[in-house]
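Residue-level structure breakdown
Read off the chains here:
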There are 2 protein chains.
Amino acid sequence: AANRSMKFSNRGMTLEKDINTTNTFYWDTNKAVIHKKPTPVQVVNVHYPKRSAAVITEGYFKQPSTTDYNGIYRGRHIDFEAKETRNKTRFPLANIHYHQISHMKSITAHGGICFLIIRFSAHNETYYLPAESFFPYWDEQFNEGKKSIRYEAIKEKGYKIPFHFQARVNYLTIIDQLYF
Amino acid sequence: AANRSMKFSNRGMTLEKDINTTNTFYWDTNKAVIHKKPTPVQVVNVHYPKRSAAVITEGYFKQPSTTDYNGIYRGRHIDFEAKETRNKTRFPLANIHYHQISHMKSITAHGGICFLIIRFSAHNETYYLPAESFFPYWDEQFNEGKKSIRYEAIKEKGYKIPFHFQARVNYLTIIDQLYF
Ligand SMILES: [Mg+2]
Ligand SMILES: [Mg+2]
């Protein structure tokens, strides 16, 4: 059918779930306070039934102007974006928006700890890539550079994030290494 | 009518608009990076029309588990909630949720700068109330304390936020005084 109406499911959001589990563990153990920002929705119409909760009957997804996650760790501001790819050899830049990059550049300039978490699902590997290492790839794409980053480059410039049974994407260990 | 369906408008959100304008000014002048978090929506049904944007046809507002605003200023993590009241003599505690308080207590414990922005619209005055000054009032309400804070107490414990024609709620000036 040309028109589809369907239950909203979070397909392909394994990385997001793993990060949320990790953040809950960090919160429970009082290590850090990091939250995923809600998906921005433009609410157009709301129905208010008698004696039950308001129902949004018309809304649209908006493009995020910031990264998905932020918070505080050891007194430092933390800000990151998480992306998963099935591509075995490259991480495509297409999924990241211009506004998100401006945001990340500003956070970095103001002294925040800013990075990407990139999962190569085919390799079952997750990397921490400092924003400072990411920006040159982003900027070069407009100067006849590639529209993607090679897997090997991410292996080299990034840090493999260890798995922990409760902190499934244990990225604070990398921050400890790099900043403390 | 018992059932109402209506266009979603932001009634009574003058303070929110003023803070958003202020944050845009801070961003444009490279002073700070502070954003409002999107309102959390639980998306249940989405319609995917041919050749146009996905439409959320069923969604619900969720209770926020954090504050509305956060970001970074002079290297420090910033986190705050904004509330407006028409009450002339008291600020009611009812609009703030338990989860938001836990969040604010954690942010404070981890070294963030955490506060409330409270506007008394009848007085046309807006106050910066440090989270540390707010917590005792919150905690006391469960110990036979008041369910509200007196206007006079907020005047005393808080700091009146100056108006600036572009930074309409110029709260960074208070942070400069208190922390730098
Ligand atoms: Mg995202
Ligand atoms: Mg709020």
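In the block above lies the structure referred to throughout.
All values derive from a computational prediction rather than experimental measurement.

Criteria and thresholds
- Residues numbered from 1 in each chain as written.
- Chains lettered and ligands numbered in written order.
- Predicted model: local features only at pLDDT ≥ 70, side-chain atom pairs only at ≥ 80, totals over all residues.
- Heavy atoms only, no water.
- Helix = DSSP H or I, 4+ residues; strand = E, 2+ residues; numbered from the N terminus.
- Buried < 20%, exposed > 50% of the residue type's maximum accessible area, 1.4 Å probe, protein only.
- Contact = heavy atoms within 4.5 Å.
- Areas by Shrake-Rupley, 256 points an atom, 1.4 Å probe, with all protein chains shown as cover.
- Lys, Arg positive; Asp, Glu negative; His and termini not counted.
- Charge placed at Lys NZ, Arg CZ, Asp CG, Glu CD.
- Pairing = 2+ DSSP bridges.
- Least-squares fit on C-alpha atoms with pLDDT ≥ 70 in both.
- Salt bridge = Lys/Arg side-chain N within 4 Å of Asp/Glu carboxyl O.

1. A look at the overall build of chain A
Within chain A one finds 5 helices and 11 strands. C-alpha atoms of chain A, sized along the principal axes, occupy 55 × 45 × 35 Å. A total of 180 residues make up chain A; the buried ones form 46% of that total. In chain A, 65% of the contacts between residues at least 6 apart in sequence involve partners at least 24 apart. For chain A, the computed accessible surface area is about 9,100 Å², with 48% contributed by carbon and sulfur atoms. The averaged location of the 16 negative side-chain charges in chain A is 7 Å from the averaged location of its 25 positive side-chain charges.

2. Quick look at the sheet that holds strand β9 (residues 125-130) of chain A
Strands sit in the order β2-β5-β6-β8-β9-β11 (chain A) across an open sheet of 6 strands; the sheet is mixed. Taken across any chain shown, the strands that pair with only one partner, and hence form the sheet edges, are β2 (32-36) and β11 (159-160) of chain A.

3. Regarding the relation of the copies chain A and chain B
Superposing chain A onto chain B takes a rotation of 180° plus a shift of 0.0 Å along the axis, which leaves an RMSD of 0.0 Å. Taken together, these values place the two copies in the relation of a two-fold axis.

4. Quick word on the pattern of salt bridges
One pass over the full model with this rule turns up 14 salt bridges over all chains. Its salt-bridge partner being Lys155 of chain A, residue Glu125 of chain A comes within 3.9 Å of it at the nearest N-O pair. Here Lys155 of chain A lies in helix α4 (residues 151-157) and Glu125 of chain A lies in strand β9, a separation of 30 residues in the sequence. For Lys155 of chain A, a relative accessible area of 37% gives the class partly exposed. Put simply, Arg74 of chain B and Asp176 of chain B hold a salt bridge, and the shortest N to O gap is 2.8 Å. Of the two residues, Arg74 of chain B sits in the loop between β5 (69-73) and β6 (76-85) while Asp176 of chain B sits in helix α5 (residues 172-179), which places them 102 residues apart along the sequence. Overlapping salt bridges bring together Asp18, Arg119 and Arg168 of chain A as one network.

5. Section: the environment of Gly75 of chain B
Residues and elements named next belong to chain B. With respect to the helices, strands and loops of the structure, Gly75 is situated in the loop between β5 and β6. Using a relative accessible area of 23% as the deciding quantity, one classes Gly75 as partly exposed. Residues Gly75 and Ile101, 26 residues apart in the sequence, show an inter-C-alpha distance of 24 Å.

Just geometry here; none of it tells us what the structure is for.
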